[in-house]
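Observations on the three-dimensional arrangement
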2 protein chains.
Amino acid sequence: MNPTIKDVAKHANVSIATVSRIVNGLPGYSEETKKKVQQSIEALGYQPNAIARGLINKRTQTIGVLFPDVSGMLSSEVLEGVENAAHDGGFSVIVCNTTSSGKRTVKYLRLLQEKRVDGIIFASEDVKEEYYKIFQEMKVPVVLVSTASSKYDLPFVRVNDFDGAFQATEYLIRKGHKVIGMIGGSDEDPIAGVPRMQGFQKALESNGLSFTNNHITKNEGYRFQNGKESLPLLLKKLPDMTALFAASDEMAIGAMSAAHQLGIRVPEELSIIGYDNLKIAEMCYPPLTTVSQPLKDMGQTSGEMLVSLIKGEQQEAKSRYMPFTIVERQSVSDFRDK
Amino acid sequence: MNPTIKDVAKHANVSIATVSRIVNGLPGYSEETKKKVQQSIEALGYQPNAIARGLINKRTQTIGVLFPDVSGMLSSEVLEGVENAAHDGGFSVIVCNTTSSGKRTVKYLRLLQEKRVDGIIFASEDVKEEYYKIFQEMKVPVVLVSTASSKYDLPFVRVNDFDGAFQATEYLIRKGHKVIGMIGGSDEDPIAGVPRMQGFQKALESNGLSFTNNHITKNEGYRFQNGKESLPLLLKKLPDMTALFAASDEMAIGAMSAAHQLGIRVPEELSIIGYDNLKIAEMCYPPLTTVSQPLKDMGQTSGEMLVSLIKGEQQEAKSRYMPFTIVERQSVSDFRDK
DNA sequence: GCGTTTTACGTAAACGTTTACGTAAATCCC
DNA sequence: GGGATTTACGTAAACGTTTACGTAAAACGC
């Protein structure tokens, strides 16, 4: 089995306290003793036991990250950023796939509490009261990413969804489009659903364009299939539509697929703008113009924020709205001549 | 802070051994004592400390998973399967993003060794000697996924890449194509590079079609951009090419993008078949026909295999070749009339 | 040389849990 | 009723590490 600190101490003929001091770079030993101990460590192949250290220090150097869909394209980029920041800060990442289930989320939080993780990153979902209660019990820092909570004072890292939608819609308006539809999310989703629809509506109204219920179709999810099914519905409600804003890249690409099937040329007959700037945005045909959420940076920033809170480098984190841009590709046509 | 087992024992007026027995469902207490202890647990909000338990049991209920690219589309689906299996088996997953760097991989393995993880899943990369040395030191089970090792006897879960490529190429041949090219990976990649190229070559030769160096372009990576850059090169070498097999879905979609730009109609003028069946295969235009690696199932299977090894339910794991299928979509035309 | 300060150790206790083993009481069976 | 077995505890030690504190020796300064 693995040699312990006792084996090293015996081999080097010193006490375990001396070995510990040397291993951890604390003062209190001679150069001669240090060399002797290091030789013993190498000879025995000693690897310190982080479990024992965690028990004493009451810190495990581990954080938990909860995603509603760990293999989703959004999640995987955020995860990369989080993992980079955590690793650089000396922390390991336990990943939890909650599948948007409240029960499973509570189970994971309890598990993370038992494992005494030093902090939590909670991604892309609304914070329920019972989650917040567990956060409180755990007495560790929590950072939200790609989400926020109106009810609980938890630091977050996100993009301003209202502004992003507003500017995406204004972009279409500036390109000369006057009949613009939206493939939206859910009325009950306070994170990605409601603000993006509100931003869309506000942009229309601010530019003197009409907004009615016919301008939006709503969905429970944000997937390719949702977008594909929504386009025919939207066209029925808004037959003169020349452009649309989709509340996610996947839905935009789904709409694109449906347009191909309906023989509608994109962008010549229908312009489409998405939201996220996932990797696939450049891979579809035509390449998608979209609102760019800097997902990996958001993961990185939230990871750094959490590490900083754990280390006590700051007592309170300042929530961050990350900048977004409109990445122009080829899915939006210039309608100003028409 | 968190109440300990000592607090519960004091509150319930029993010993800590009794609390432990009750919490862990071991025999040796009366129903009356059990009720009393459970009330104390609830009143104090006791959560067992998994760190202390891990130190005693020499088992952390945690596994480490190493990916060369954690946000890659391949990785994220495998990760979901692994995480599901691990969670169901009572294990947490520490995710490590090695970025294909040998140095970083060693660093992660050492970290996982210190954290005393119960097992390792190693994905999508060749096993180097120094990794294998660390596996040996750690004395925990290791399972490979989406990779294998010719040099070390480690159980793996993968698809037979030779067969997959062979059948993809035969599929094109059965569709009447006679001049078939390949966008391949690297000669130095014994996992995804060489076998897929060999399968392609064998299929051509077995069907009496010519194979020369002009039939393959090679790449260092398997990304969209690699595919996009490869198509013009391949067309230069093989101007009469009517179909191509790409060694990954991303490269297939990259080739598709290049075809659109060159005004080549897919599949009418050029048929394309990919490899992986990533989510994006159905999202591109036209939807991609591809060899389907069951990525999530592979993750699930490798996770189950590792859990079983850790629990001692089996002493040796039997390596698994997972079945693949050809998922027909719309990127391959029937060339038998022409 | 002597008193003070610093250095280089080692000892003992702690962290929160699990469990082997001993003991007393209760139960069972002849 | 008595001996054997089972049940229901509690005690003590262990797991591998960190560190406060005490002590002896060395170094420093007058």
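Rules behind the numbers
Residue numbers restart at each chain and count upward from 1, following the sequence in its written direction. Labels are handed out in written order, letters beginning with A for the chains and numbers beginning with 1 for the ligands. Under the rules for a predicted model, residues below a pLDDT of 70 receive no local features and side-chain atom pairs below 80 are neither given nor counted, while totals for whole chains, interfaces and linings still include all residues. Excluding hydrogens and water, the side-chain figures rest on all heavy atoms present in the structure. By definition, residues are in contact when any of their heavy atoms lie within 4.5 Å. Two parts placed together each lose some accessible area under a 1.4 Å probe, and adding up what both lose gives the buried area. The salt bridge definition used is simple: a Lys or Arg side-chain nitrogen within 4 Å of an Asp or Glu carboxyl oxygen. The rule for a residue being near a molecule or strand is that one of its heavy atoms must lie within 4 Å of it. Polar contacts, as counted here, are pairs of nitrogen or oxygen atoms within 3.5 Å of one another; within protein the pair requires one atom able to donate a hydrogen and one able to accept it, and residues that are adjacent in sequence qualify only if both atoms are side-chain atoms. Helix numbering and strand numbering both begin at the N terminus, where a helix is a DSSP run of H or I of at least 4 residues and a strand a DSSP run of E of at least 2. Classes in brief: Ala, Val, Leu, Ile, Met, Phe, Trp, Tyr, Cys and Pro nonpolar; Asp, Glu, Lys and Arg charged; the others, Gly included, polar. By this definition, two strands are paired if DSSP reports at least two bridges between them. Interaxial angles span 0 to 180 degrees and are taken between N-to-C directions of axes, which are lines fitted to C-alpha atoms, for helices over the stretch in contact. If an angle is under 35 degrees, it is roughly parallel; if it is over 145, roughly antiparallel; if it lies from 65 to 115, roughly perpendicular; otherwise it is oblique. Here a crossing is called left-handed whenever its near helix is offset anticlockwise from the far helix by less than a right angle, and right-handed whenever the offset is clockwise.

It is worth spelling out the interface of chain A and chain B at this point. With 50 residues of chain A at the contact, the number on the chain B side is 51 residues. When the two sides are added together, the surface that chain A and chain B hide from each other amounts to roughly 5,300 Å², 55% of it contributed by carbon and sulfur. Summed over the shared surface of chain A and chain B, the number is four salt bridges. With a shortest N-O distance of 3.9 Å, Arg-104 of chain A and Glu-83 of chain B are connected by a salt bridge.

Moving on, we get to the protein's contact with DNA strand C. As a structural note, the neighbourhood of DNA strand C is formed by 28 residues, with Ser-15, Ser-30 and Lys-58 of chain A together with Ile-5 and Ser-20 of chain B the closest of them. Backbone sugar and phosphate groups make up 68% of those atoms of DNA strand C lying within 4 Å of the protein. A distance of 2.6 Å is found between a phosphate oxygen of DNA strand C and a side-chain nitrogen or oxygen belonging to Ser-20 of chain B. Elements represented by at least two residues in the surface near DNA strand C include exactly helix H2 (16-23) and helix H4 (50-57) of chain A together with helix H1 (5-12), helix H2 (16-23) and helix H4 (50-57) of chain B. In terms of residue count, the dominant contributor to the surface near DNA strand C is H4 of chain B (four residues). Split into classes, the residues belonging to the surface near DNA strand C amount to 13 nonpolar, 11 polar and four charged.

This paragraph deals with the sheet that holds strand S7 (residues 216-217) of chain B. All names here are of chain B. Spatially, the six strands line up as an open sheet ordered S7-S6-S8-S9-S10-S12, and their pairing is mixed. The sheet is open, and its two borders are formed by S7 and strand S12 (325-327), each paired with just one other strand. Sheet topology note: the strand S6 (residues 180-183)/strand S8 (residues 243-246) ladder contains four bridges and is parallel. Bridge pairing links Gly-181 to Leu-244 in S8. Sheet strands in contact with helix H11 (residues 249-261) are S6, S8, strand S9 (271-276) and strand S10 (289-292), and its direction is about 155° off that of S9.

On to the packing of helix H8 (residues 161-174) of chain A against helix H9 (residues 194-206) of chain A. Residue and element names in this part refer to chain A. Closest axis-to-axis distance for the H8/H9 pair is 7 Å, and the angle between their directions is 40°. Taken as axis vectors, H8 and H9 run oblique relative to one another. Considering how the two elements wind past one another, H8 and H9 form a crossing that is right-handed. Where H8 abuts H9, its residues Asp-161, Phe-162, Ala-165, Phe-166, Thr-169, Glu-170 and Ile-173 lie against Pro-195, Arg-196, Gln-198, Gly-199, Phe-200, Lys-202, Ala-203, Leu-204 and Ser-206. Split by residue class, the contact of H8 with H9 holds eight nonpolar, four polar and four charged.

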